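# Notes for the structure review
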Amino acid sequence: MSKIEQTLSIIKPDAVERKLEGEIKEMFKNNGFVILKEKKIQIEKNEAEKFYKVHEAKPFYNDLCDYLSSGPIVVMVLEKENAVLGNRNLMGATNPKDAKEGTIRKKYGISIDKNSVHGSDSVENAKIEIDFFFSN
Ligand code: CMP
């Protein structure tokens, strides 16, 4: 069953630094996503730690939080039918090496850390993540 959903997308520091913001947004729009909200920000490490708290116990947690707070990012609320799954499909596998042709991470990702984009992994987490960046 299809339903209109919202999901959170982040264009990560590696992609912003390489000036890929416009091209990545075009990929979202060409795939039917509406960008409802967006802002370019730089977050502190303690905010990255809160955002990625679900990964707290992972060996890569500290580097991940250093990385997300290392430069400007673009956070967006994307909307379309089945947006959460659609965005995950468009992003491709977490590791760009495993990502399929035509996905954002295949096209732009550098490594599992510098994989250019983040997207919510469930409708429930999408609400939490959208709230994290856009409740004020
Ligand atoms: P993201 O979708 O933003 O969610 C958590 C991030 O951790 C992930 O993308 C990767 O960039 C990063 N990461 C680094 N190492 C790993 C790993 N071994 N497994 C999964 N994610 C990893």
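A brief structural summary.

Conventions adopted
- Residues numbered from 1 in each chain as written.
- Predicted model: local features only at pLDDT ≥ 70, side-chain atom pairs only at ≥ 80, totals over all residues.
- Heavy atoms only, no water.
- Near = heavy atom within 4 Å.
- Polar contact = N/O pair within 3.5 Å; in protein donor to acceptor, adjacent residues only side chain to side chain.
- Nonpolar A, V, L, I, M, F, W, Y, C, P; charged D, E, K, R; others polar.
- Pairing = 2+ DSSP bridges.
- Helix = DSSP H or I, 4+ residues; strand = E, 2+ residues; numbered from the N terminus.
- Axes fitted to C-alpha atoms, helices over the stretch in contact; angles between N-to-C directions.
- Contact = heavy atoms within 4.5 Å.

### Some words on the site of the ligand
Neighbouring residues of the ligand: Lys12, Tyr52, His55, Phe60, Leu64, Thr94, Arg105, Ile112, Asp113, Asn115 and His118. Contacts to the ligand include tyrosine 52, whose side-chain N or O atom sits 2.6 Å from an oxygen atom. Contact distances for the ligand include 2.9 Å between an oxygen atom and a side-chain N or O atom of histidine 118. Split into classes, the residues belonging to the shell around the ligand amount to four nonpolar, four polar and three charged.

### With respect to the sheet that holds strand 4 (residues 117-119)
Sheets are built from strands paired through backbone hydrogen bonds, the pairs being either parallel or antiparallel. Reading across the sheet, the four strands line up as 2-3-1-4 and stay open at both edges, with antiparallel pairing between neighbours. Taken across any chain shown, the strands that pair with only one partner, and hence form the sheet edges, are strand 2 (34-41) and strand 4. On average, each strand axis in the sheet is inclined to that of its neighbour by 20 degrees, with strand direction left out of account. Direction of pairing for strand 1 (residues 4-11) relative to strand 3 (residues 73-81): antiparallel, over a ladder of eight bridges. Looking across to strand 3, one finds that glutamate 5 is bridged to lysine 80. In this fold helix 5 (residues 83-91) packs onto strand 1, strand 3 and strand 4, with an angle of close to 35 degrees to the strand it touches most, strand 1.

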